[in-house]
Amino acid sequence: MSLQSPPAAAAATDLSPDPGAELPPGAQLNQGTAESPSAEEGGGGAEEQEEEGEKEKEREKLLPIPSASSAAARGLERGAKNQFSTFSNFITTINQKKEGIGNRNSPTQLVIPNIKNVRDLPPICLDVRQKQRISIDTLPQELKAPIPPEPSLPIRTKTVKDFQDDVEKAKSSGDWKAVHDFYTTTFDSFLEINAAFKKDANSPFNTIEDSGIDAKFVNVVYDALLNTPQDVQKSVLKGVINGLLQEWTGPRTKDDLRAYCILLQNPQFSNTSTYVIYAHLLRQIAALTEADHHFLVHWSKKISQKRFKQLVDRLLQFISLRLFPAKPEEFPPMVKCTWWIPSAAKVLALFNAANCLISPPIISYTDFYNSTLDHIDLMEEYHNWQCYGNSHRFSFCQYPFIISIAAKKVIIQRDSEQQMISIARQSLVDKVSRRQKPDMNMLFLNVKVRRTHLVSDSLDELARKRADLKKKLKVTFVGEAGLDMGGLTKEWFLLLIRQIFHPDYGMFTYHKDSHCHWFSSFKCDNYSEFRLVGALMGLAVYNSITLDIRFPPCCYKKLLSPPIVPCDHSTLVGICAVTLDDLFQIMPELAHGLSELLSYEGNVEEDFYSTFQVFQEEFGVIKSYNLKPNGDKIPVTNQNRKEYVQLYVDFLLNKSIYKQFAAFYYGFHSVCASYALLAEHTVRLRLNILLYSVLFGGWNAFCNLHHALCSKKRKKIAISMRFASVL
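Residues numbered from 1 in each chain as written. Predicted model: local features only at pLDDT ≥ 70, side-chain atom pairs only at ≥ 80, totals over all residues. Heavy atoms only, no water.

A.B. asks: So what exactly am I meant to see when it comes to the packing of helix 22 (residues 588-599) against helix 24 (residues 641-655) here?
C.D. replies: The relative placement of two packed helices is expressed as an angle between their axes plus a distance between the axes. Taken N-terminus to C-terminus, the directions of helix 22 and helix 24 make an angle of 165°; their axes are 9 Å apart at the nearest point. Taken together, the axes of helix 22 and helix 24 lie roughly antiparallel to each other. Two packed elements cross with a definite hand, and for helix 22 against helix 24 that hand is left-handed. Across from Leu-590, Leu-594, Leu-597, Leu-598 and Ser-599 in helix 22, the residues of helix 24 making contact are Arg-641, Lys-642, Tyr-644, Val-645, Tyr-648, Val-649 and Leu-652. Partitioned by chemical class, the residues of the contact of helix 22 with helix 24 number 9 nonpolar, 1 polar and 2 charged. (Axes fitted to C-alpha atoms, helices over the stretch in contact; angles between N-to-C directions. Helix = DSSP H or I, 4+ residues; strand = E, 2+ residues; numbered from the N terminus. Parallel < 35°, antiparallel > 145°, perpendicular 65-115°, else oblique. Left-handed = near helix turned anticlockwise from the far one by under 90°. Contact = heavy atoms within 4.5 Å. Nonpolar A, V, L, I, M, F, W, Y, C, P; charged D, E, K, R; others polar.)

A.B. asks: I tried to follow the pairing of strand 6 (residues 516-519) on my own but got confused; where do I start?
C.D. replies: When a strand is regular, its side chains alternate between the sheet's two faces. Side chains Cys-516 and Trp-518 of strand 6 all project onto a buried face; the interleaved residues His-517 and Phe-519 project onto the opposite face, where all are buried too. Where strand 5 (residues 508-511) and strand 6 come together, 4 bridges link them in antiparallel fashion. Looking across to strand 6, one finds that Thr-509 is bridged to Trp-518. Counting the residues in the hairpin turn of strand 5 and strand 6 gives 4 residues, including His-515, whose phi is positive at 55°. (Buried < 20%, exposed > 50% of the residue type's maximum accessible area, 1.4 Å probe, protein only. Pairing = 2+ DSSP bridges.)

A.B. asks: How do you make sense of the confidence of the model for the protein when you look at a structure like this?
C.D. replies: Low-pLDDT stretches of the model should not have their predicted coordinates read in fine detail. On average, the protein scores 75 in pLDDT, and the residues at 70 or more come to 71%. Here residues 57-145 scores under 50 on pLDDT; set against residues more than four positions off or in separate chains, the count is 265 contacts. (pLDDT = per-residue confidence, 0-100.)

A.B. asks: Please explain the pattern of salt bridges as it appears in this structure.
C.D. replies: Close approach of charged atoms allows side chains of opposite charge to pair. A complete count under the given rule lists 18 salt bridges for this structure. Two residues, Asp-166 and Lys-158, come together in a salt bridge whose shortest N-O distance is 2.6 Å. For Asp-166, a relative accessible area of 18% gives the class buried. Asp-468 is the salt-bridge partner of Lys-471, the closest N and O atoms lying 3.2 Å from each other. Exposure remark for Lys-471: the relative accessible area of 5% places this residue in the buried category. Residues joined in a network through salt bridges with shared partners are Lys-198, Asp-255 and Arg-258. (Salt bridge = Lys/Arg side-chain N within 4 Å of Asp/Glu carboxyl O.)

A.B. asks: Hey, could you run me through the packing of aromatic side chains in this one?
C.D. replies: Two aromatic rings, taken as a pair, are described by how far apart their centres are and by the angle between their planes. On inspection of all chains with the given rule, the structure shows 44 aromatic pairs. Relative to Phe-187, the ring of Tyr-183 lies with its centre 6.3 Å away and its plane at 15°, an arrangement referred to as stacked. Comparing Tyr-183 with Phe-187, the two get one shared label, buried. Within the aromatic cluster, the residues linked to one another by ring pairs are Phe-501, Phe-508, Trp-518, Phe-519, Tyr-527, Phe-530, Phe-551, Phe-661 and Phe-664. Arg-283 extends its terminal NZ or CZ atom over the ring of Trp-339, reaching a point 4.6 Å from the ring centre. Between the NZ or CZ atom of Lys-628 and the centre of the ring of Phe-612, over which it lies, the distance is 5.1 Å. (Phe/Tyr/Trp six-rings, centres within 6.5 Å; stacked < 30°, edge-to-face > 60°. Lys NZ or Arg CZ within 6 Å of the ring centre and 35° of its normal.)

A.B. asks: Looking at this structure, how should I read the environment of Val-232?
C.D. replies: For Val-232, the location among the structural elements is in helix 9 (residues 230-244). Val-232 sits 56 residues away from Trp-176 along the chain, and the two C-alpha atoms are 8.4 Å apart. In contact with Val-232, other than residues within four places in its own chain, are His-180 and Tyr-183.

See the structure below:
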């Protein structure tokens, strides 16, 4: 779907006053549609046509906004592929919509005087596409994109103290002229915004580390804005419009990006009457290049927690009210502004990426959930994403961090049901095509087991019926009468999991400190039982069975590494980047000891006398493993201790259990190879993976416990040779 304004509409849009009519002294911002002037109006039709042709040629020379390689600019195809109102249409016809309204003291009456020669915003290019994931970490620290020269900024000397004094004087005297002049000048253009809020006008601030924005001054100015008279607030909005209507002739400068950062924080955009301006601001940010987005993400992570949450809440509210407006007449029809929600979702994705770059995150991942989406047709969204992933069609499944856990659970359950029906139908068709008599059992995955041989029988049944794993599960205990209406299936899962996860069975180790299970590193001849456990976890998800088994978060990162099972079985699976934080969630005491090693101020080599070698006990025998070639001969020093800790963590969570987890991985994906699970693979795969709520009913308790462990001051352990004893 094209997001560009139709050529006819673009050519007809002009805010110049009619030769025969007088332009009113003020024009309000509205969502109406302007009628294109007729060639017969005002006489001199030939001359007007010539002027119009020249204007059209000028427009063709304008460069469009650089296209982004990511998703938010896709159109939300809720209707036909028709025209939508352009920005200048809204400005032109505002008086026609609100001419009879007399109350001009409300902040919703946005009078913008003397707007002339306003032009259309450049359309988003057709190649603005959605990626499945936004990868910020893959970009280099300093981008190779050319940096256009920064224009010289006007000199502004007003400080925070000067502004606060002006506001206090205005409140006491009632004369707001000085404050009005400041707001009018500051927000008149992007250059003026930078002149007022840039820390140093002579410094370029071209790095991701420092945006150069005087955050304190910005906060003070915006905090005071909503308490000023209406004419002051309207002058700010007029200036924002002027900035957005600027004609871009090349790449955006860092000053432009700073201006976007500052404008996004405007509290006026919480009011629905400003949503047209807000939508166009979001549209321009969404259409920036990936390099520009990289800067915005890193600058956004420096915003305070309070302001950051306000920005996220404002975007979520914008999406909610666009989907379900309290007063539909306030907004243009959905078919004329299909780009509103995609643009907001893309900008929200930038904030989510910024949130994930910091540990701990600025706000909770649940603060990005939009509960309004629970009330839309989620399966239609999922179908659009599944079937039209490489087209311009928008779907909220492209942004899974917005969808709540409850909504994701519904998607997976419905997806599983649809797969069950499809596979059962195919089995019936195959049976009839072979002229065989169909029966009910062919529609189910029938598992018959003996209670005395539960694990071996289950392993044999699942191995023998791999082709039926995606059918509805039905369990029968040999020698026992009864129909499985769900109870026998749950009992089978309970008994099987209880036996497999028992410490005496040796497949998994239970860690009391973290209250979770982890894979045993013991070597064995046959790893098929780990494949059975993976298939059981997949069947639990597929059949919506809740199991009280707690795995640490890194288990799910490993399950999605890679998210699609590779065709070449020699490809490594289940290997992901792990950190000391991941080890804290499994073995907090050992992880704490390693963190103490990193912060030790003495001589590590002399005091610890350790090498790049670890020891593990297997069936009463102590075995040694080198973390790197000739590791037993390489001492751990102050210089290489970070490498030692990283190799140690990688050994414990990846290498020592590779064969066990690889079998588990293939077993799980033999059942759960679904697009619905791929929707859970977010930018950094935080704790919002759906498996927590579907598989493990006790996850909330574990999460609270883990939070308590992290916040509680742990008992310090001596930094000594205790690492061996901890193992």
